Amino acid sequence: MYYDCIVVGSGNAGSCAALSAKENGCQKVLLVDKCSPDWVGGNGYFTAGAFRTVHNGLDDLLPIVQNVTPEQAKHIDLDPYSHKDFIEDIMRLGGRRSDPGLAASVVDNSRDTVDWLAGHQVPFILSFHRQAYEVDGRQKFWGGLVLSVDDGGKGLIAAEHKALEKAGVEIWFDCPLVNLLMRDNAVSGVVVRKDGSELTIESRAVILAAGGFEASSELRIAHLGMGWEKAKVRGTPFNTGDCFAIAQGVGAKLVGDWASCHSTTWDFNAPEIGARDLTNQFTKSGYPLGVMVNSNGERFVDEGEDYRNYTYARFGKAILSQPGSFAFQVWDSKMLNFLRKEEYGDGVVEKVYADTIEDLARKLAEHGLTDQAKFIETFQAYNAAVTEHKLENPDWHWDPAVKDGLSTESSHLSLSPPKSHWAESIDKPPFMAVKVCCGITFTFGGLAVDPESASVLSESGPIPGLFCAGEMVGNLFYKNYPGGSGLSAGAVFGKKAGASASRCKRIM
């Protein structure tokens, strides 16, 4: 049995790889995934469908988005996002450790790849619901991220798989990769398990796009450390890291930040494994509008350190390290209308209301708060610090769409940790709290990959016939990442891998 290209993984990266291979000349393309058809789409299915890309502002993006009328466009503020901006975001959030070549490859190809996906009927929209606030009658976008897909990850995977079907890509589910075949020091095919038996398939190119190891509690403990077994898995249960060992078996080099991952603020009551109905709605990203306190009633992060899409991927880890591995997000009535309905709406999350902070403390004691007095003291100190800052800066105004500088720091008072932006007093009832935990999204360690060809690298150079895309790519993200860059990177390297696969020669 022979295919021109075999792709492992049915998520965003794998779908882009298979589609690219097909349109670049591979006649027979096979996509395999160990999941059942009900779990198609890997982690991409569970995302908000956000794509970070360079662009020249609103007029540049209007031709590819489907949710903006000419009248609406008159009331949108959307700054350009340059190559320099995108590169700098990846590098600064990764502590300057990200491979410059990989980062540049993602950034340089981000806009063309978005256009390519739009050409395949991926329904892009401006992300009003996630990345904009209405201020003075205008929709103001923030944080560099403006594009998402209609119906989020569900819409993305549906569109990509419709394109795969149209292109004639064959897909086998319940079909895990068992091994890679080698001939003359090149990958020449795969061994998969299908219908209970091992099956050998020859191919001139294999693309690995099977995700990280976040769904394996054993590998989380081994690489991320003790305690990570408590994290809830935001996405697919099938990303268990199997393909890393298989790739190592043919000489692939492991690189990158194996001790870190994308982990976010997640609904405490969410299932242990991602749910395919609410998916990303279990995210609880409204913390910049309020505060987070642990079970001892103490704050533990700077909720206003940066825009949400630059902090959310590491605040899950901060929550995991707190007593009991949970926290409470708290707001007063001034902020409730700013919270995203898909995350905080009725029926989506359990909400605790009270008319006083003292009463809220009593109610949260039933949910795990151990020190009511400290909880009350924390809010008294926080409100006093906010008041002092405002007295020294009477002309500063709260604005959720910019780094407004409203903080807890003044010449008289200082909090540790501070809240650096969007610090408003929490004093107007009713007060609302939700309980959150750590949700792990994907891991950062992966395979060494050539930035241009997406070839998998050994210690001595590219492994002929083997390519990689998506969460399996190592050396791109360290400690943190800019929101929306994961799907962009997966699509960029998937597209590159497919094109490279089409240029491989069959090993006879």
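Notes on the structure follow. (Residues numbered from 1 in each chain as written. Predicted model: local features only at pLDDT ≥ 70, side-chain atom pairs only at ≥ 80, totals over all residues. Heavy atoms only, no water.)

1. Here's the deal with the packing of aromatic side chains
So the rule is basically this: Pairing of aromatic side chains requires ring centres within 6.5 Å, counting the rings of Phe and Tyr and the six-membered ring of Trp. Pairs whose planes differ by under 30 degrees are stacked, by over 60 edge-to-face, and all others tilted. Relative accessible area decides the class of each residue, using a 1.4 Å probe on protein chains only: under 20% of the type maximum gives buried, over 50% gives exposed, and in between gives partly exposed. Each helix is a run of DSSP H or I of at least 4 residues and each strand a run of E of at least 2, with the numbering of both proceeding from the N terminus.
Following the criterion strictly, the structure yields 27 aromatic pairs and no others. Taken together, a centroid distance of 5.5 Å and an interplanar angle of 75 degrees make the contact between Y45 and F46 edge-to-face. No difference in accessibility class separates Y45 from F46, as the two residues are buried. Seen in terms of ring centroids, W266 and F282 are 5.8 Å apart; in terms of plane orientation they differ by 55 degrees. Their pairing is tilted. Taken together, the positions of W266 in strand β16 (residues 261–267) and F282 in the loop between β16 and β17 (291–293) put the pair 16 residues apart, joining distant regions of the chain. Each member of the pair, W266 as well as F282, carries the same accessibility label: buried. By the ring-pair criterion, three or more aromatic residues cluster together here, those being Y133, W142, Y307, Y310, F338, W398 and W422.

2. Considerations on the environment of A469
Heads up, the rule is: Residue contacts follow a heavy-atom distance rule, with two residues in contact if any of their heavy atoms lie within 4.5 Å.
Tracing the sequence through the fold places A469 in the loop between β23 (461–468) and α14 (485–502). Leaving out residues up to four positions away in the same chain, A469 has contacts with A13, L208, A209, G490, F493 and G494.

3. Thoughts on the sheet that holds strand β7 (residues 138–141)
Here is the rule: Strand pairing is assigned whenever DSSP detects at least two bridges linking the two strands.
Strand order across the open sheet formed by three strands is β4-β7-β6, with mixed pairing between neighbours. Sheet topology places β4 (76–77) and β6 (132–135) at the edges, where each strand pairs with a single neighbour. As defined by bridge partners, β4 adjoins β7 across two bridges and the pair is classed as parallel. Residue D77 lies in a different strand from β7, and its bridge partner there is K140.

4. Some remarks on the sheet that holds strand β11 (residues 186–194)
In space, the four strands of this open sheet follow the order β1-β12-β11-β10, with mixed pairing throughout. With partners counted over all chains shown, the strands left at the sheet margins are β1 (2–3) and β10 (177–183), one partner each. Pairing geometry for β1 and strand β12 (residues 197–203), over two bridges, is parallel. Counterpart to Y2 in the pairing with β12 is E202.

5. Some remarks on the pattern of salt bridges
In plain terms, the rule: By convention in these notes, a salt bridge is any Lys or Arg side-chain nitrogen within 4 Å of a carboxyl oxygen on Asp or Glu.
All chains considered together, the criterion is met by 29 salt bridges. Linking E71 and K74 is a salt bridge whose minimum nitrogen-to-oxygen distance equals 3.3 Å. Its salt-bridge partner being E303, residue R299 comes within 2.7 Å of it at the nearest N-O pair. Among the residues examined, R299 registers a relative accessible area of 11% and is labelled buried. When its relative accessible area of 0% is taken as the criterion, E303 is described as buried.

6. Looking at the nonpolar core
Buried together is how nonpolar side chains tend to be arranged in soluble globular proteins. Going by this rule: Remark: nonpolar core denotes a set of buried residues (Ala, Val, Leu, Ile, Met, Phe, Trp, Tyr, Cys) joined through side-chain atoms within 4.5 Å.
Judged by nonpolar contacts, the single largest core of 132 residues is most densely connected at L126 and L447. Take this core: its biggest share by element is seven residues, from helix α5 (residues 100–119). When near neighbours in sequence (up to four residues on either side) are disregarded, L447 contacts L208, F244, A247, A252, K253, L254, V255, V456, C468, M472, V473 and G474. One finds V293, F328, F379 and L415 within the second-largest nonpolar core, a separate group that totals 23 residues.

7. Observations regarding the packing of helix α1 (residues 12–23) against α14
The test is simple: Axis lines are fitted to C-alpha atoms, over the contacting stretch for helices. Their N-to-C directions set the angle, which ranges from 0 to 180 degrees. The scheme is simple: roughly parallel for angles under 35 degrees, roughly antiparallel for over 145, roughly perpendicular for 65 to 115, oblique for anything else. For a crossing to be left-handed, the near helix must be turned anticlockwise from the far one by less than a right angle; the clockwise case is right-handed.
α14 packs onto α1 with a crossing angle of 30 degrees between their chain directions and a minimal axis gap of 7 Å. Put simply, α1 runs roughly parallel to α14. Where α1 crosses over α14, the handedness of that crossing is right-handed. Note on element contacts: α14 touches α1 through L487, G490, A491, G494, K495, G498, A499 and S502, opposite N12, A13, C16, A17, S20 and A21.

8. Here we look at unusual backbone geometry
Backbone torsion omega between S416 and P417 reads 0 degrees, so that peptide bond is classified as cis. With respect to the helices and strands, the residue P417 is situated in the loop between α13 (372–392) and β20 (431–443). The amide bond that connects P429 to the next residue, P430, takes the cis arrangement and shows omega of 0 degrees. Of note, P430 is situated in the loop between α13 and β20. In this model, D174 sits at a positive phi of 50 degrees, which is unusual for a non-glycine residue. Secondary-structure assignment places D174 in the loop between β9 (170–172) and β10. Judged by relative accessible area, which is 45%, D174 ranks as partly exposed. A positive phi angle, near 55 degrees, is found at D184, a position not held by glycine. Examined against the element boundaries, D184 turns out to sit in the loop between β10 and β11. In this structure D184 comes out as exposed when scored by relative accessible area, which is 62%.

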